[in-house]
Amino acid sequence: MSWFADPGWETQVRHRSRIWLYLLAAAVMAFLVVPTLIVIPMSFSASQFLEFPPRHWSLRWYVSFFDSTSWLQAAATSLKAAFLTALVATPLGTTAAYGLFVSRLRWTKLAVPILLTPIVVPVILIAIGVFYAYVKLKLVNTLVGLVLADSMLAVPLVVMVVTSALKSYDMNQEMVARSLGASRPRAFLLVTLPQIRFAVLTAAVLSFLTAFDEVVVAMFISGGDNSTLTRNMFNALRDQVDPTIAAISTIMIVISSLLLALSQILGRSR
Amino acid sequence: MSLRRARADAEPNADALRRDALAERVALFGLSLPALVLVIVTMVIPVAWLFWLSFLGDDGSVSLINYQRLIRQPSYARIFLATFEISALTTAICVLLGYPLAYVLSQLPPRLANLCMIGVLMPFWTSILVRTYAWLVLLQRHGLVNDWGIRLGLWNQPLTLVHNFGGTLIGLVHIMLPFLILPVYASMRAIDRVYLKAAANLGASPVHVFWRVFFPLSLPGLLAGMLIVFILCLGSYVTPEMLGGGRVIMVANAIATDIQLFFNWGAASALGVVLLVLTSAILYAASRLIRLNRIFGGHGP
C-alpha cells in the first residue's frame, strides 16, 4: 500500500494519517444520498409498515396509487402544470435574457433585479401575496393561476441559465449574419439560438421541475380538481406516514432523474 | 461654422443612425416586457399589496397596530428567536459537515469528483417533499434509525427523533448542505496549488499551510455558502411544518397559520414584511463584504 503512505495532494500529510477526514467525507456523502435512495426499495415493501430491507416484496403501494382517482388526478394536474410552465417560462425567460443582454439600455439595470426577485423573496411571502391577488382575480384553484405562478418562480432560473450561456457566446457571429442580410430575429433564430440550445433546454427542464416540485405556493392557490401532487402529499403527510407516498416519491425521483439525464445526453451529443 | 455643423456635414447620417440604434435597443428591451409583466403582476404588486395591508388596522385605517402587536406579544419574539437559532445552528452544522467534504472532493481526480458531485447535487433534482418524507420514515418511532439503534444495542427505548427540534434540524441540514458545498467546492478548485507548495517550501507545517494559506483562500466561497444557507433557512416552511410536529414554529409557519387558521392578513403581512426586510438587510450587508455575483452566477448547471 505505497499509495496509502504517500502524501495526499500537495498537503504533505500522508493518506493514512488523515483517514479520519476520508471517513468523515464518506459519512457526509452517505448522509446526503442514502436517505433519498432508501425510499426506493421501501416502496416495494409488502408490509403495512415501511421497513428496510423489506421482508416481502410487492407492488401494492403502486397499485394503491394507480387505483386512487384523487392521486391520479393530482399527478395529472402536476404534470400538466409543469409542462405548461416549461412552455411559458422558457420562451419568456429566454427572450428576456437575450433582449436585456443585447439592449444595454439604462433600464436593464432595473429590469434584471426585478426578474430575479422571485428567488430572493421568501417563498411563503410570495405564496400569500399570490393567494391574495388570486382571490381578487378569481384564479384560486385554477390551472391557469397555477401555471402563471409557477412560471413566475421559474423565470429567474431561465434568465440566469440563458444569460450565462450568452456571456460565453460570441455576439459577433450574429453581427456577421446581419451584415450578410439576415434580419435580427432571423439571425437570432438561425445563428444564436442553435448555439445556446443546450442552455435553453436545461432552462426548460429546470422550469418543469420547479413547477413539478413546488409545494408552498400550491398549498395556497391549488385545490379541488386542480390540486397538485405535492399539495396532496403535504396534506397526507401531516396526518400519517402513508406508504403510498413512498411509491409516489419513487416515481418522482425517476421522473426528475430521467429528465435531467436526458437533457445532459442531448447536450453532449452535439 | 460650429463644431456640430461640421460634424453633421462630415457624417450626414450620424443623427439618424443614432436614432435607429436607440430605437433598436428600445425594441430589444421590449423583448423582456412579457417576463417583466408576469413577475410584476404575480409577484411585485401582490407583495407590495401585503406591505400596504400590514399598515392597515383592524378597522381599515392606516396604523402601526400590526407592528405594535409584533413587538408587544412575546410569542412573536419567541418565533423570531427560534428562527434565528435554527438558521444559525443549521448553518454551523452545514459548515462542519460540508467544508471537509468539499475539501476532500476538491482533491479527488476530476472524474471521480464529478461522480461524487452528482451525489451532492441529487437533492437539487429530488423534491423537498420526497426528502422530508424520507426523514420522516427513517426517524419515526418505529423507523429505520430507531430499529437499527435498538438492534445494535445503542439504545433500549425508541427515541423521539422526529416531530421536534432535532428532527427539524436534521431535515434542514440535509436540504441546505448542497448550497454550502457548491460555492466552497468551486472556490477550493480555483485555488492555485503553487501557493501551498511555496508555503511548504518555506517551512510551513501542513497545519500552518492549511490555516494560513488554504483556508483564507477558500473563505469567499465559504462565506457565500453560509449566506445562502442562512437566508434560505430564515424562510423555510416545509421542513419545520413536517418534521417539527407543531413544536417548531418558524416565521414562515407563523405566517401560514395566521392566514389559514385566523385569516389575519394584517398580522401575516407584518410578519412577512419583517422577514423580507431582515433577509434583504442581511443580503445587502453581505454584498458589501463579498461579491454577490459569486453566489448567483457561481453555479450554472
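Every value quoted in this text rests on a predicted model; they were computed, and no experiment measured them.

S.K.: Mind showing me how you'd approach the overall build of chain B here?
M.R.: Check the secondary structure of chain B and you find 15 helices and 0 strands. Each of the 301 residues in chain B was classed as buried or not, and the buried ones make up 41%. Sequence-distant contacts in chain B: of pairs separated by 6 or more residues, those separated by 24 or more amount to 75%.

S.K.: I keep staring at the overall build of chain A and nothing clicks. Help me out?
M.R.: Counting its secondary structure elements, chain A contains 13 helices and 0 strands. In chain A, the succession of helices and strands from N to C terminus is α-α-α-α-α-α-α-α-α-α-α-α-α. Relative to the compact-globule value of 18 Å for 270 residues, chain A shows a C-alpha radius of gyration of 24 Å, a clear excess of over 25%. In terms of principal-axis extent, the alpha carbons of chain A reach across some 70 × 65 × 35 Å. Among the 270 residues that make up chain A, the fraction classed as buried is 44%. Contacts in chain A between residues at least 24 apart in sequence constitute 70% of all its contacts with a sequence separation of at least 6.

S.K.: Even after reading the chapter, I still don't get the domain arrangement of chain A, so can you show me in this structure?
M.R.: Often, the extent of an interface is quoted as the loss of accessible area on bringing the components together. Residue and element names in this part refer to chain A. What the domain assignment reports for chain A is domain 1 (2–62) and domain 2 (69–268). Here domain 1 and domain 2 have C-alpha centroids that lie 32 Å from each other. Between domain 1 and domain 2, the contact holds 9 residues from the first and 8 residues from the second. Secondary structure elements with two or more residues in the side of domain 1 that touches domain 2: α2 (19–42) and α3 (60–66). At 4 residues, α2 tops the list of elements feeding residues into the side of domain 1 that touches domain 2. Considered class by class, the residues forming the side of domain 1 that touches domain 2 number 6 nonpolar, 3 polar and no charged.

S.K.: Got a minute to help me understand the interface of chain A and chain B in this structure?
M.R.: Counting residues at the interface gives 78 residues for chain A, matched by 71 residues for chain B. For the side of chain A that touches chain B, the class distribution of residues is 57 nonpolar, 18 polar and 3 charged.

S.K.: What's the story with the packing of helix α4 (residues 69–103) of chain A against helix α5 (residues 108–120) of chain A in this structure? I'm lost.
M.R.: Angle between the axes and distance between the axes: these two values describe a pair of packed helices. Residues and elements named next belong to chain A. Across the interface, α4 lies against α5 with an axial gap of 10 Å and an inter-helix angle of 155 degrees. Taken together, the axes of α4 and α5 lie roughly antiparallel to each other. Considering how the two elements wind past one another, α4 and α5 form a crossing that is left-handed. Between α4 and α5, the residues in contact are A96, L100 and S103 and T108, A111, V112 and L115, respectively. Classifying every residue of the contact of α4 with α5 by side-chain character gives 5 nonpolar, 2 polar and no charged.

S.K.: Teacher, can you tell me more about α4(A) here?
M.R.: Residue pairs three or four apart in sequence face the same way in an α-helix, which turns once every 3.6 residues. Residue and element names in this part refer to chain A. Taking 1.5 Å per residue as the helical rise, α4 with its 35 residues ought to reach 51 Å, and the 50 Å between its terminal C-alpha atoms agrees with that figure. With 25 of its 35 residues buried, α4 lies for the most part within the structure. Where α4 terminates, the next one or two residues include R104, which has phi positive at roughly 55 degrees.

S.K.: Where do I start with the nonpolar core in this structure?
M.R.: The nonpolar side chains of a soluble globular protein tend to be buried with one another. In this structure, A127(A), I128(A), V155(A), V162(A), V217(A), M176(B) and I255(B) are the most contacted members of the largest nonpolar core, which totals 159 residues. Considering every element that reaches this core, the biggest residue donor is α4(A), with 16 residues. Not counting the four nearest positions on each side in its chain, M176(B) is found in contact with T90(B), C94(B), V229(B), L232(B) and C233(B).

S.K.: Sorry if this is basic, but what is going on with the environment of F198(A) here?
M.R.: Residues and elements named next belong to chain A. By the secondary structure assignment, F198 is in helix α10 (residues 197–213). Residue class for F198 comes out partly exposed when judged on the 18 C-beta atoms lying within 10 Å of it. Through-space distance from the C-alpha of F198 to that of L266 is 7.8 Å; in sequence the pair is 68 residues apart.

S.K.: Explanation requested: the confidence of the model for chain B in the structure shown.
M.R.: When pLDDT is low, close inspection of the predicted coordinates is not appropriate. When pLDDT is averaged along chain B, the result is 87; 93% of the residues meet or exceed 70. Two summary scores accompany this predicted model of the complex, namely pTM at 0.87 and ipTM at 0.88.

S.K.: What exactly am I supposed to notice about the environment of V215(A) here?
M.R.: Looking at the secondary structure, you find V215(A) in the loop between α10 and α11 (216–221). C-alpha of V215(A) to C-alpha of T230(A): the two residues are 15 residues apart in sequence and 5.6 Å apart in space. Here V215(A) is in contact with T230(A), F234(A), I128(B), L129(B) and V238(B), once residues within four sequence places are set aside.

S.K.: I'm lost on the confidence of the model for chain A in this one. Help?
M.R.: Averaged over chain A, the pLDDT score is 88; the fraction of residues at 70 or greater is 94%. Confidence, expressed as mean pLDDT per element, reaches its minimum in chain A at helix α1 (residues 2–5) of chain A with 58 and its maximum at helix α7 (residues 143–167) of chain A with 95.

S.K.: Can you help me understand the environment of P46(B) in this one?
M.R.: Structurally, P46(B) can be placed in helix α3 (residues 33–54). Sequence separation between P46(B) and R19(B) is 27 residues; the distance between their C-alpha atoms is 37 Å. When sequence neighbours within four positions are dropped, the list of residues in contact with P46(B) reads G129(A), V130(A), Y132(A) and A133(A).

The rules we used
Residues numbered from 1 in each chain as written. Chains lettered and ligands numbered in written order. Predicted model: local features only at pLDDT ≥ 70, side-chain atom pairs only at ≥ 80, totals over all residues. Helix = DSSP H or I, 4+ residues; strand = E, 2+ residues; numbered from the N terminus. Buried ≥ 20, exposed ≤ 12 C-beta atoms within 10 Å, placed from the backbone. Contact = placed C-beta atoms within 7 Å. Rg over C-alpha atoms; globule rule 2.2 N^0.38 Å. Domains from an automatic or database assignment. Nonpolar A, V, L, I, M, F, W, Y, C, P; charged D, E, K, R; others polar. Axes fitted to C-alpha atoms, helices over the stretch in contact; angles between N-to-C directions. Parallel < 35°, antiparallel > 145°, perpendicular 65-115°, else oblique. Left-handed = near helix turned anticlockwise from the far one by under 90°. Expected span 1.5 Å × (residues − 1). Core = buried A, V, L, I, M, F, W, Y, C linked by C-beta atoms within 7 Å. pLDDT = per-residue confidence, 0-100.

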